[in-house]
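Each chain, written out:
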Amino acid sequence: MMRCPNCNSKDIGKIGSHQFYCWGCFIELTVNGEKMSVFQVEEDGTLSSLDDLFFGEEVPQDFPSVQVSP
Ligand SMILES: [Zn+2]
């Protein structure tokens, strides 16, 4: 079950093949493979990314510089 990364609600509606809408906090979620993006729908209908709030900080501290060779 998918949960909203913002409000943790399970009240997620599907609005597209990879797009979902949270009825809890009224944000749009876009799933692209394993990457999830979050957008806030502005009053004029435009989308503003909230990724910085949730996924922007990719601090590699848990991943020391290990190169994985195929
Ligand atoms: Zn939500």
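Residues numbered from 1 in each chain as written. Predicted model: local features only at pLDDT ≥ 70, side-chain atom pairs only at ≥ 80, totals over all residues. Heavy atoms only, no water.

Draft legend 1. Examining the overall build of the chain more closely. For the chain, the helix and strand inventory stands at one helix and five strands. Shown N-terminal to C-terminal, the secondary structure of the chain runs as helices and strands in the order β-β-β-β-β-α. A burial count over the chain gives 23% of its 70 residues as buried. For the chain, restricting intrachain contacts to residue pairs at least 6 apart in sequence, the fraction spanning at least 24 positions comes to 11%. Counting only carbon and sulfur atoms, one obtains 50% of the accessible surface of the chain, whose full area is about 5,600 Å². (Helix = DSSP H or I, 4+ residues; strand = E, 2+ residues; numbered from the N terminus. Buried < 20%, exposed > 50% of the residue type's maximum accessible area, 1.4 Å probe, protein only. Contact = heavy atoms within 4.5 Å. Areas by Shrake-Rupley, 256 points an atom, 1.4 Å probe, with all protein chains shown as cover.)

Draft legend 2. How the structure looks around the coordination of the zinc ion. The coordination sphere of the zinc ion, as far as protein atoms go, consists of Cys 4 (SG), Cys 7 (SG), Cys 22 (SG) and Cys 25 (SG), spread over 2.2 to 2.3 Å. Considered as a linear motif, the donors of the zinc ion on their single chain read C-x2-C-x14-C-x2-C. You can see Cys 7 sitting in the segment before strand E1 (12–14) and its partner Cys 25 sitting in the loop between strand E2 (19–22) and strand E3 (27–32), a full 18 residues away along the chain. (Donors = N, O, S within 2.8 Å, 3.2 Å for Na, K, Ca; no water.)

Draft legend 3. Structural view of the sheet that holds E1. Read from one edge to the other, the open sheet built from five strands follows the order E1-E2-E3-E4-E5, with strand pairing classed as antiparallel. Lying at the two open borders of the sheet, with one neighbouring strand each, are E1 and strand E5 (47–49). Strand-to-strand twist across the sheet, computed as the mean angle between neighbouring axes with direction ignored, equals 35 degrees. Relative to E2, E1 is paired through three bridges, and the arrangement is antiparallel. If you follow Gly 13 over to E2, its bridge partner there is Tyr 21. (Pairing = 2+ DSSP bridges. Axes fitted to C-alpha atoms, helices over the stretch in contact; angles between N-to-C directions.)

Draft legend 4. Representation of the environment of Val 41. Inspection of the secondary structure puts Val 41 in strand E4 (residues 35–41). The exposure class of Val 41 is partly exposed, given its relative accessible area of 30%. Residues Val 41 and Ile 27 lie 14 residues apart in sequence; the distance between their C-alpha atoms is 6.1 Å. Residues within four places of Val 41 in sequence aside, it is in contact with Tyr 21, Phe 26, Glu 28, Thr 46 and Leu 47.

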